[in-house]
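Summary of structural features
Residues per chain, in single letters:
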Amino acid sequence: MEVLLFHHVMGRTTGMDSFADQIRKVGHTVHVADLFEGRVFATIEEGMEYVGEIGLEQILERGGRVALEFPREIVYHYNAVR
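Residues numbered from 1 in each chain as written. Predicted model: local features only at pLDDT ≥ 70, side-chain atom pairs only at ≥ 80, totals over all residues. Heavy atoms only, no water.

1. Focus: the side chain of threonine 13
Defined as follows: The way it works is that DSSP assigns letters per residue, a run of H or I at least four long becomes a helix, a run of E at least two long becomes a strand, and they are numbered from the N terminus. For every residue, the accessible area (1.4 Å probe, protein chains only) is compared with the maximum for its type, and the residue is labelled buried under 20%, exposed over 50%, or partly exposed between those bounds. Pairs of residues are marked as contacts when any of their non-hydrogen atoms sit within 4.5 Å.
Looking at the element boundaries, threonine 13 is found in the loop between strand E1 (2-6) and helix H1 (14-25). Overall, threonine 13 belongs to the buried group, its relative accessible area being 14%. The contact partners of threonine 13, leaving out residues within four places of it in the chain, are His8 and Val40.

Structure follows, in structure tokens:
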């Protein structure tokens, strides 16, 4: 199975990459989108502030562009902050 992961509001954290590695270990191909262009935030509030600055529409547009790079059959997963 091929999977595309979308990160939570804190960005592409090390925890997100660890999650992707766990899925890879069981034999799947995993891609991790970076909708924040390398920015990672320590708190949900900081991440939400960034989203407010650039706009949710911009984040959604970035996600759409990433998704278009992959076949329709790919599995999409959004990782919420726990």
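That was the structure; now back to the text.
2. Regarding helix H3 (residues 56-67)
Here is the rule: Expected span of a helix: the number of residues minus one, times 1.5 Å. This arc is built from the directions going out from the helix axis to the C-beta atoms.
Here H3 is 12 residues long and its end C-alpha atoms lie 17 Å apart, about the 16 Å a rise of 1.5 Å per residue gives. Within the span of H3, buried status applies to Ile59, Arg62, Gly63, Val66 and Ala67. For H3, the buried positions fall inside an angular range of 135° around the axis, keeping them on one side. Facing away from the buried side of H3 by over 90 degrees, the exposed positions are Glu57 and Leu60.

3. Examining helix H2 (residues 44-54)
Every buried residue of H2 is accounted for by Gly47, Tyr50 and Val51. One side of H2 carries all its buried residues, which in axial view fall inside an arc of 100°. Relative to its buried face, H2 has exposed residues pointing more than 90 degrees away, namely Glu45, Glu49, Gly52 and Glu53. On its buried face, H2 sits against H3. The positive-phi residue at the C-terminal boundary of H2 is glycine 55, with phi of around 95°.

Any functional reading would require information that these geometric values do not contain.
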